[in-house]
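Fold and geometry: a report
Single-letter residue listing:
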Number of protein chains: 10
Amino acid sequence: MISDRNEVTSMILSAKVSKGIKWHQVAEAIGMSKEWTTAGCLGQMTFNRAQAERVGEIFGLSDEAVAWLQVVPYKGSLPTAVPTDPLLYRWYEIVSVYGTTIKELIHEEFGDGIMSAIDFSMDIQREADPKGDRVNVVLSGKFLPYKSY
Amino acid sequence: MISDRNEVTSMILSAKVSKGIKWHQVAEAIGMSKEWTTAGCLGQMTFNRAQAERVGEIFGLSDEAVAWLQVVPYKGSLPTAVPTDPLLYRWYEIVSVYGTTIKELIHEEFGDGIMSAIDFSMDIQREADPKGDRVNVVLSGKFLPYKSY
Amino acid sequence: MISDRNEVTSMILSAKVSKGIKWHQVAEAIGMSKEWTTAGCLGQMTFNRAQAERVGEIFGLSDEAVAWLQVVPYKGSLPTAVPTDPLLYRWYEIVSVYGTTIKELIHEEFGDGIMSAIDFSMDIQREADPKGDRVNVVLSGKFLPYKSY
Amino acid sequence: MISDRNEVTSMILSAKVSKGIKWHQVAEAIGMSKEWTTAGCLGQMTFNRAQAERVGEIFGLSDEAVAWLQVVPYKGSLPTAVPTDPLLYRWYEIVSVYGTTIKELIHEEFGDGIMSAIDFSMDIQREADPKGDRVNVVLSGKFLPYKSY
Amino acid sequence: MISDRNEVTSMILSAKVSKGIKWHQVAEAIGMSKEWTTAGCLGQMTFNRAQAERVGEIFGLSDEAVAWLQVVPYKGSLPTAVPTDPLLYRWYEIVSVYGTTIKELIHEEFGDGIMSAIDFSMDIQREADPKGDRVNVVLSGKFLPYKSY
Amino acid sequence: MISDRNEVTSMILSAKVSKGIKWHQVAEAIGMSKEWTTAGCLGQMTFNRAQAERVGEIFGLSDEAVAWLQVVPYKGSLPTAVPTDPLLYRWYEIVSVYGTTIKELIHEEFGDGIMSAIDFSMDIQREADPKGDRVNVVLSGKFLPYKSY
Amino acid sequence: MISDRNEVTSMILSAKVSKGIKWHQVAEAIGMSKEWTTAGCLGQMTFNRAQAERVGEIFGLSDEAVAWLQVVPYKGSLPTAVPTDPLLYRWYEIVSVYGTTIKELIHEEFGDGIMSAIDFSMDIQREADPKGDRVNVVLSGKFLPYKSY
Amino acid sequence: MISDRNEVTSMILSAKVSKGIKWHQVAEAIGMSKEWTTAGCLGQMTFNRAQAERVGEIFGLSDEAVAWLQVVPYKGSLPTAVPTDPLLYRWYEIVSVYGTTIKELIHEEFGDGIMSAIDFSMDIQREADPKGDRVNVVLSGKFLPYKSY
Amino acid sequence: MISDRNEVTSMILSAKVSKGIKWHQVAEAIGMSKEWTTAGCLGQMTFNRAQAERVGEIFGLSDEAVAWLQVVPYKGSLPTAVPTDPLLYRWYEIVSVYGTTIKELIHEEFGDGIMSAIDFSMDIQREADPKGDRVNVVLSGKFLPYKSY
Amino acid sequence: MISDRNEVTSMILSAKVSKGIKWHQVAEAIGMSKEWTTAGCLGQMTFNRAQAERVGEIFGLSDEAVAWLQVVPYKGSLPTAVPTDPLLYRWYEIVSVYGTTIKELIHEEFGDGIMSAIDFSMDIQREADPKGDRVNVVLSGKFLPYKSY
């Protein structure tokens, strides 16, 4: 009996390590980006039936688990409000240190509103650099102006 | 008597609204990017003497305030650990929802380590889009592998 | 020297009590809803120049304060994460008790996504009722589907 | 041995996904609104005997589980004080951003008191809109004036 | 310029100590209970005009302060979520230790619902006792049943 | 193997729902008040041997569980510092809103000290009222003056 | 205008350093223990009129400040729930590490109840020791058994 | 498989209740004080081999459990930062109310430094008193002066 | 089925106590420092295949567990944000008390930037001292200057 | 009127920036290490009279401020429990990631006890390195074994 999407995420992580599956392989198999696919496998996005069945085959999931992959999950992937993992903390630190800068510059360009985290995509790439390779990330979110009424 | 960089940030914000100054104008005046310049004016980065003096002229700051612009600040620009402002919350939400995804994909590509938030730059741009303009942000950080010894 | 929108909110609240101004009068004067107008006066929304000047006249604000009314504020109007005020706590309680219900029903009808709090409006009305009048509130937010990519 | 209503909620959620049951179908079966019925199935409301037995049939629950559906639960459906799920966070954000506005306007209309979260109902509807459908929610709570004595 | 009810509470407390005023004297002067009157003077309740003016005379308040006494305050009188003061902590401890007991017994008698904290009164009395006098407190709140719909 | 009083509380709660036992029946069976008895069954008070054995018979507990009922428990019955359950929150709210009032009035009557939560009793009764029945609660605690030395 | 006992504590601390006063001298002057006297000067205990006036002379306080020394204070002398100061943290650590031990041994000796922190005294002494002098502290609190009823 | 000292503590507590063992009996059996012995059994101190084996015999522990008793544990015996149990809270309250007093008096006598919680002992005794027996606790810690260099 | 590195850490800790293995022996077996090796066994570092297999032999781990040792873990080894264990708390205290000192001196020497916790090593040694042996720790981290752009 | 050491720290920081004073210069002037001297100037250590007077001359402090430099301060130099500043966070991260490692290795070498943060010194040095200079820090603390009794 599965009563929570997290149980399915655990099954996927366990199978991934045992079988040596790569996220980009899963993404190719279902024809979506590696970013969205990984988020889905980690319990943050909702798969359609075809995607869920394909993911189920790759990781060897039961029908019940495949059904859960098609249910909208309760989102939020971190165990604490401030992440302890150094890689994730650096992202939190960027929001902490550059937060007011981001706010000022988006408002200077667009006025009052937000950058959507829903109509949103992300692309993570390696940039070769003789001084040490860089992680380049492009975040793209629709600007949503505050409605006045 | 100034004993804290926050007091200088308040002076800058007050002068900015009164005089109608734009952040990109300040950036042009000191010859740096608008992202780094804004972060500096908001008390997160350290200016060199020439930059600090130019910033002081623009905002009409005292010599004491200009001296403080050259002191390394205690960083962290948000009043609470989880930001209440909707624009900033969306960034925090990206870390919350996509955090484990970011971690998995950077490790899949680079192995164990982090994306630096120090050897780091950011570029915020408007992308015209008929369905509503988008905010595009490029984050670029050097990959730092964990040292084993 | 004003360096923070909260100072302007304090000026407005002080003048409101001294002069006995009603929020709906301010709303009529600027031709907007009472909900959006009040949120603006309480430091959560951004006025345009004409609105800000009219608000400034009503509350007797300085030019500097009127300039701040046109600056996008750092939003979040409550002093603590869980509000202590009984009226506001009841709203928080609705999110706490009915939260998963709201989530299930919106997803059952619309699929994965959110109800926007930006492209959003609110209307608060009294409904006469012989068993005790009721507060009726209509919340209307655009549904934003999660982007897959 | 069941010692907590949450265990029954887990059983219901598990059966719902396996059997593909919709909340509005459950509501129709017991003759109550979809909002109240869903809240009850999610462990926030108390069913009477007839309702509990009908819910038990639909989800295939044991007699012990049906007995628990008739026990007043310890309410509160969210795992953290500030919800991490984006859909639920937007509701929390509405309380955060519009909270003082809601307070001012209810007090302007009704005087000191609260909008009840107990003598309360909620109705969630889709509103078709060419710019994107909207979620419309009507909240209706009895106004309760503070007693002076 | 007063922009917050807390400032009026400070004025009242300062005058109370300087002038040696007792709360029960204030209550008698305005013809209300000592419990409600004290809560009002401490910024938790709203006075009507006649009450506010009488309170203003007793404590020597300005007209502006008297106007604030008639404004619905943001309630919550404690500086921390868990009170540090021993007398108040004991009350918090009663909720902590007996909380589930209170819940079980009210539900056993009344079914699902709450004891109102709005349609509520409190009476604090000394009971002489040879083993040491006791504080007796009667709390009386209307039972509000949960609405099903 | 039982290593924690909470396990016994779970057994009692499970048996109570399965067997339809009422708290006041347990109280009568052991000859104590319903308030103290319920608190004991919920793991907050210590039973003597005779009481524990009688409680064990009623709920069908093992000898080991009956032994644990006679061990002083680690007290505190709520899962979070600020309770999420609406009935219990109202009690917390009373402490929050009326806390300083309670403090002032007890000190005005008794001087510095506290109302004991140990030498303490509670009585919960229904009061019929044509405008809606009321929950009346009498709290009685010995006044303990601060020792000076 | 003084509206808070903390202001008086600040005055006392300021005068103490300027004038080089010792706590044991104050205690001798008012004929009480150094522990209780210091707690009173630091805003945790209530002085009677004669004590307050003597304390006022020693520290050069105004009549208003002397009146505040006779008002029961809101107690709690630490700025954070877990103290950051190393000396105070060690005391907190003793409660953390030995807490369950203290609980078990007091209950083994006395049964269910507490050691009072109100009918309580403390004595701090230096014990000479060739391996390094020791701080010896005697805590004495009346045992209060839980009332059953 | 035991992977945590807490599991051993649970075994000891379970056996203690089943077998009716007293802490002072364990202390006598291993020839140490009842305070240190209890702390060790509750997972806060490290036993040597002979002590661990004797404790193992008394409580009927496996060899693996006896091995864990000789491993330095992760210390801290309370489930929350501020304890909810009334007996333990009173100790926390003593630190909260008398904390600054303790700090001032130790510094007045010894200068800057701390009272050690490591080179530390505690003795808990009953003091007969006609007004109600008292719990007397002697804490003895080596004074450690701050090193300057 | 293993779905989390923590499960492997538990297996290692359990085997370590049962078999009496020392960390420095593991370090010698894999030819790395004792600090890095211990951190890896405790779930904070990533082993390569050869190291993982050797660690697996020493502790008797399954192939699945050995595979997990080669997966980058979610880092952070402490159960609470402020550690309760006295040894670890002292390290936290050093950051709390000396934090601003460390910051000032590194900036005075190097300018704005950080000491890396990634390109980082640590060496823990005993220093014999007639007044009591000392723990000497050398921390070595690359200085990373803030990038300006 | 100074009533808190923090006020003196603010004076020192303000004078330091205005006058361009270096911490190592202050250390040389009083003949102590730069680490201890800086900690003292930042309000964490206690100066003797001669040191305080020399520090007072350097920063131009009043006699009252010089007196406060000789008073043991309430220690703890960071504004939040988890530091937001990136340089300080890295130190906190070291405790978080390597904490259990440090604990295991010190216990493996020394047995149960702690590394003192009181009988403690620190030395911060630059190490030239062609791959980028390093910050080397030596921490030295006396080992304090837990007392058994």
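A quick note: this is a predicted structure, and the numbers were derived from the prediction, not measured. (Residues numbered from 1 in each chain as written. Chains lettered and ligands numbered in written order. Predicted model: local features only at pLDDT ≥ 70, side-chain atom pairs only at ≥ 80, totals over all residues. Heavy atoms only, no water.)

**Quick look at the pattern of salt bridges**
Throughout the structure, instances matching the rule amount to 90 salt bridges over all chains. With a shortest N-O distance of 2.8 Å, Asp133 of chain D and Arg126 of chain D are connected by a salt bridge. Looking at Arg126 of chain D, the relative accessible area reads 38%, which means it is partly exposed. Bridged by salt links that share partners, the residues Glu109 of chain A together with Arg126 and Asp133 of chain B form one connected network. (Salt bridge = Lys/Arg side-chain N within 4 Å of Asp/Glu carboxyl O. Buried < 20%, exposed > 50% of the residue type's maximum accessible area, 1.4 Å probe, protein only.)

**Digging into the sheet that holds strand β2 (residues 134-145) of chain D**
Sheet strands pair via backbone hydrogen bonds, and the direction of the pair is either parallel or antiparallel. Strand order in the open sheet formed by four strands is β1(C)-β2(C)-β2(D)-β1(D), with antiparallel pairing between adjacent strands. Two strands lie at the open edges of the sheet, namely β1 (113-127) of chain C together with β1 (113-127) of chain D, each paired on one side alone. Going from strand to strand, the sheet's axes swing by 20° on average, the running direction of each strand aside. Of the strand pairs in this sheet, strand β2 (residues 134-145) of chain C and β2 of chain D are connected by nine bridges, and their pairing is antiparallel. Counterpart to Lys142 of chain C in the pairing with β2 of chain D is Arg134 of chain D. (Pairing = 2+ DSSP bridges. Helix = DSSP H or I, 4+ residues; strand = E, 2+ residues; numbered from the N terminus. Axes fitted to C-alpha atoms, helices over the stretch in contact; angles between N-to-C directions.)

**Digging into the domain arrangement of chain A**
Examined at the domain level, chain A breaks down into domain 1 (5-68) and domain 2 (86-145). Put simply, the middle of domain 1 of chain A and the middle of domain 2 of chain A, counted by C-alpha atoms, are 26 Å apart. (Domains from an automatic or database assignment.)

**What about the interface of chain D and chain C?**
Across the contact, 69 residues belong to chain D and 69 residues belong to chain C. Taking both sides of the interface into account, the surface hidden between chain D and chain C amounts to around 6,700 Å²; carbon and sulfur atoms contribute 66%. Interface area lost by chain D to chain C is led by Leu87, Tyr98 and Val135 of chain D, which between them contribute 10%. Linking chain D to chain C there are six salt bridges. (Contact = heavy atoms within 4.5 Å. Buried area = accessible area lost by both parts, 1.4 Å probe.)

**Observations concerning the packing of helix α6 (residues 86-110) of chain A against helix α3 (residues 34-41) of chain B**
Geometrically, a packed helix pair is captured by the angle between its two axes and the distance between the axes. It is the contact of α6 of chain A with α3 of chain B, at a shortest axis distance of 9 Å, that shows an interaxial angle of 120°. Classed by the angle they form, the pair α6 of chain A and α3 of chain B counts as oblique. The crossing of α6 of chain A and α3 of chain B is right-handed. Taking contact as the criterion, the partners of Tyr98, Thr101, Glu104 and Leu105 of chain A in α6 of chain A are, on α3 of chain B, Lys34, Glu35, Thr38 and Ala39 of chain B. Within the contact of α6 of chain A with α3 of chain B, the residues separate by chemical class into three nonpolar, two polar and three charged. (Parallel < 35°, antiparallel > 145°, perpendicular 65-115°, else oblique. Left-handed = near helix turned anticlockwise from the far one by under 90°. Nonpolar A, V, L, I, M, F, W, Y, C, P; charged D, E, K, R; others polar.)

**Here's the deal with the UniProt feature "active site" (unreviewed entry) in chain A**
Residue and element names in this part refer to chain A. In the numbering used here, UniProt assigns the feature "active site" (unreviewed entry) to Arg90, Glu93 and Ser116. On the secondary structure map, Arg90 appears in helix α6. A residue is classified by how much of its surface remains accessible, and Ser116, at 1% relative accessible area, is buried. Residues within four places of Ser116 in sequence aside, it is in contact with Gly141, Lys142 and Leu144. At a separation of 3.0 Å, a polar atom in the side chain of Ser116 contacts the main-chain amide nitrogen of Ile118. (UniProt positions renumbered as here; feature names shortened; annotations may be inferred. Polar contact = N/O pair within 3.5 Å; in protein donor to acceptor, adjacent residues only side chain to side chain.)

**As for the interface of chain E and chain G**
Taken together, the contacts link 17 residues of chain E with 15 residues of chain G. Both sides of the chain E and chain G interface together cover about 1,200 Å² of buried area, and 59% of this is carbon and sulfur. Contact with chain G buries surface across chain E, with Ser14, Val17 and Asp85 of chain E losing the most and accounting together for 36% of the total. There are zero salt bridges connecting chain E and chain G. Where chain E packs against chain G, one counts four residue pairs in polar contact (both at pLDDT 80 or more). Looking at the side of chain E that touches chain G, the elements that each hand over two or more residues are α1 (5-19) and α6 (86-110) of chain E. Among the elements that make up the side of chain E that touches chain G, the one with the highest residue count is α1 of chain E (six residues). Residue classes in the side of chain E that touches chain G are distributed as nine nonpolar, four polar and four charged.

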